[in-house]
Amino acid sequence: MEEGNLESDPPKKGASEPQRLIEGVKNKDVRAFESFYDLYSPILFSVIYKILMNREEAEEVLQEVFQTVWTKADQYRSDRSSPLTWITAIARNAAIGKLRSSDYKNRSRTGEFRDSFMGSSESAEEGAFSRILDESLRKTVREILSSLSPEIVLLLEEAYWSGLSQNEIAQKHGIPLGTVKSRIRVGLAELRHRLKGWNV
């Protein structure tokens, strides 16, 4: 990626922070691009991962998405969509394209939805679910996860599907450990509440 200007043209009065950042990216403002990446990469990773169910492939597609943002930011139109809607569409299309590619189809998908939640040793609250009993329950869990915020789903996926510790997650995303713990607790609490009646 080429180094661009470190300052963009003054943003329009009343523009939101994401809109100011995307305007900066249009002007090849490296700092604006870095802030835009920090703002949206966790959400987009969750979107891509849900489609590919493969961590390595999702990270690769995520980088491709932001390369597209850097090179095609001038195609964004604020009168048509928000920055989040625009970049989510790019991410979704890129992930679907990867999923349909012959190269991807020839490789086994290693990120299948697991049949169990792995109990965390960090607290009893985070080890609330020991296993998924059958396909019906797995479907229910997927539906619940789809209703949660992308930020919470991402942390749950990394903690229970990818096996990262909470410290590793905090360091990876540059967020406080307390925030990681609280978001995971919220997600688990919602799962527990909506799975009442299941013997899990």
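Note that the structure is predicted; figures quoted are calculated from it, not measured. The residue numbering used here restarts from 1 in each chain and proceeds along that chain's sequence as written. Where totals are concerned, whole chains, interfaces and linings use all residues; where local detail is concerned, this predicted model gives features only for residues with pLDDT of at least 70, and gives and counts side-chain atom pairs only at 80 or more. Side-chain metrics in this entry use all non-hydrogen atoms of the structure; hydrogen atoms and water are not considered.

Caption draft 1: Structural detail: the overall build of the protein chain. A tally of helices and strands in the protein chain yields 9 helices and 0 strands. The N-to-C order of helical and strand elements in the protein chain reads α-α-α-α-α-α-α-α-α. Working definition: with a 1.4 Å probe on protein chains only, accessible area under 20% of the residue-type maximum means buried, over 50% means exposed, and in between means partly exposed. The buried share of the protein chain, taken over its 200 residues, is 38%. Taking the intrachain contacts of the protein chain between residues at least 6 apart in sequence as the baseline, contacts between residues at least 24 apart amount to 65%. With the model as given, the accessible surface of the protein chain reaches about 11200 Å², and the carbon-plus-sulfur share is 46%. In this description a helix means any DSSP run of H or I spanning at least four residues, a strand means any run of E spanning at least two, and both kinds are numbered starting from the N terminus. The criterion used for residue contact is that any of the two residues' heavy atoms lie within 4.5 Å. Accessible surface is estimated by sampling points in the Shrake-Rupley manner with a 1.4 Å probe; for residues, cover comes only from the protein chains shown.

Caption draft 2: The nonpolar core, seen in detail. Each nonpolar core is a collection of buried residues, namely Ala, Val, Leu, Ile, Met, Phe, Trp, Tyr and Cys, held together in the definition by side-chain atoms within 4.5 Å. The biggest cluster of nonpolar side chains holds 49 residues, and the ones touching the most others in it are Val 25, Phe 36, Ile 48, Ile 87 and Leu 156. For this core, the secondary structure elements donating two or more residues are α1 (17–26), α2 (30–52), α3 (55–72), α4 (83–100), α6 (135–147), α7 (150–161), α8 (166–173) and α9 (177–194). The greatest single-element share of this core, amounting to 12 residues, is contributed by α2. Leu 156 has contacts with Leu 145, Leu 148, Trp 161, Ile 184, Gly 187, Leu 188 and Leu 191, leaving out every residue within four places of it along the chain.

Caption draft 3: Quick peek at the packing of α7 against α8. Here the axes come from fitting lines to C-alpha atoms, over the contacting stretch only for helices, and the angles between their N-to-C directions go from 0 to 180 degrees. Direction vectors running N to C along α7 and α8 enclose 130 degrees, while the axes themselves pass 9 Å from each other. Relative to α8, α7 is oriented oblique. Considering the relative orientation of α7 and α8, their crossing is right-handed. Counting all contacts with α7, which are made through Leu 154, Leu 155, Glu 158 and Ala 159, the residues of α8 involved are Ile 169, Lys 172 and His 173. The nonpolar class holds Ala, Val, Leu, Ile, Met, Phe, Trp, Tyr, Cys and Pro. Asp, Glu, Lys and Arg form the charged class, and all remaining residues, Gly among them, are polar. When its residues are assigned to classes, the contact of α7 with α8 shows 4 nonpolar, 1 polar and 2 charged. For classification, angles of less than 35 degrees are called roughly parallel, those exceeding 145 degrees roughly antiparallel, those between 65 and 115 degrees roughly perpendicular, and all remaining angles oblique. Handedness of a crossing is defined here by the sense of rotation of the near helix relative to the far one, left-handed for an anticlockwise turn of less than a right angle and right-handed for a clockwise turn.

Caption draft 4: Spotlight on the packing of aromatic side chains. Two rings belonging to Phe, Tyr or Trp (six-membered ring only in the last case) form a pair when the distance between their centres is within 6.5 Å. Interplanar angles under 30 degrees mark stacking, angles over 60 mark edge-to-face geometry, and anything in between is tilted. All told, the structure shown has 6 aromatic pairs when counted by the stated rule. Ring centres of Phe 36 and Tyr 40 lie 4.9 Å apart, and the angle between their planes is 70 degrees; on these two criteria the pair is classed as edge-to-face. In this pair, Phe 36 and Tyr 40 are both assigned in helix α2, 4 residues apart and thus about one turn of the helix distant. Its relative accessible area of 6% is what places Tyr 40 among the buried residues. Ring centres of Tyr 37 and Phe 66 lie 4.5 Å apart, and the angle between their planes is 55 degrees; this geometry places the pair in the tilted category. One end of the pair, Tyr 37, is in helix α2; the other, Phe 66, is in helix α3, and 29 residues separate them in sequence. For Tyr 37, a relative accessible area of 24% puts it in the partly exposed group. Among the aromatic residues, those joined into a ring-pair cluster are Phe 33, Tyr 37, Phe 66 and Trp 70. A ring has a charge above it when a Lys NZ or an Arg CZ is no more than 6 Å from the ring centre and no more than 35 degrees off the ring normal. For Lys 172, the ring lying beneath its charged end belongs to Phe 45, and the centroid distance is 5.1 Å.

Caption draft 5: Inspection of the packing of α2 against α4 at higher detail. Relative orientation of the contacting elements α2 and α4 amounts to 35 degrees, with a least axis distance of 9 Å. Handedness of the α2/α4 crossing: right-handed. Contacts between α2 and α4 pair Phe 36, Tyr 40, Ile 43, Leu 44, Val 47, Ile 48, Ile 51 and Leu 52 from the former with Pro 83, Leu 84, Ile 87, Thr 88, Ala 91, Arg 92, Ala 95, Ile 96, Lys 98 and Leu 99 from the latter. Of the residues in the contact of α2 with α4, the class split is 15 nonpolar, 1 polar and 2 charged.

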